[in-house]
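# Remarks on the overall topology
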Amino acid sequence: MDGVVPCNDGLLCLAPAGNVGFCSQNCSTLGRPCAGAPPGTYAYCAVGPAGTPNGKPGCAFLCTGGGHTFTCPGETTCATDDDPPGSGQRLCMP
């Protein structure tokens, strides 16, 4: 993740290798829900400190997990691979 997309104040850019980035917020506890997600979506603290440009955990959107399906926001789409592998959980990616 390289942080190349300009984001509004208080947000950080998450850019998976080879993908266009998206803006997200920092969070404090990995695995906990993130506040402020649009209706029908689910954001949680999923990106570890090593994966963010400011070294703090970041929020990501989940599209499949725990037997539930959620909408991906904006122009993101549901990844084709589980993250982490074998978890049945998929993230929304640019």
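In this text the structure is predicted, and so the values were computed from the model without any measurement.

## So, the state of the cysteines
Inspection of every chain in the model, using the stated rule, returns four disulfides. Put simply, Cys-27 and Cys-45 are joined by a disulfide, and their sulfur atoms are 2.0 Å apart. Handedness of the Cys-27-Cys-45 disulfide follows from its S-S torsion of about 75°: it is right-handed. In this pair, Cys-27 is assigned in the loop between strand S2 (22-24) and strand S3 (42-47) and Cys-45 in strand S3, connecting sequence segments 18 residues apart. Of the two residues examined, Cys-27 and Cys-45, each falls in the buried class. Here Cys-63 pairs with Cys-78 through a disulfide, and the sulfurs are 2.0 Å apart. Here the disulfide of Cys-63 and Cys-78 is right-handed, its torsion about the S-S bond being about 75°. Placement of Cys-63 in strand S4 (residues 58-65) and of Cys-78 in strand S6 (residues 77-78) is noted, with a sequence separation of 15 residues between them. According to the relative accessible area criterion, Cys-78 is partly exposed, its value standing at 35%.

## Some words on the nonpolar core
Counting nine residues, the largest nonpolar core consists of Cys-27, Cys-34, Ala-43, Cys-45, Cys-59, Phe-61, Cys-63, Cys-72 and Cys-92. Contributions of two or more residues to this core are made by S3 and S4. Top contributing element to this core by residue count: S4, with three residues. Contact partners of Cys-34, with chain neighbours within four places excluded, come to Gln-25, Cys-27, Ala-43, Tyr-44, Cys-45 and Cys-59.

About the cut-offs
Residues numbered from 1 in each chain as written. Predicted model: local features only at pLDDT ≥ 70, side-chain atom pairs only at ≥ 80, totals over all residues. Heavy atoms only, no water. Disulfide = S-S within 2.5 Å. Helix = DSSP H or I, 4+ residues; strand = E, 2+ residues; numbered from the N terminus. Buried < 20%, exposed > 50% of the residue type's maximum accessible area, 1.4 Å probe, protein only. Core = buried A, V, L, I, M, F, W, Y, C linked by side-chain atoms within 4.5 Å. Contact = heavy atoms within 4.5 Å.

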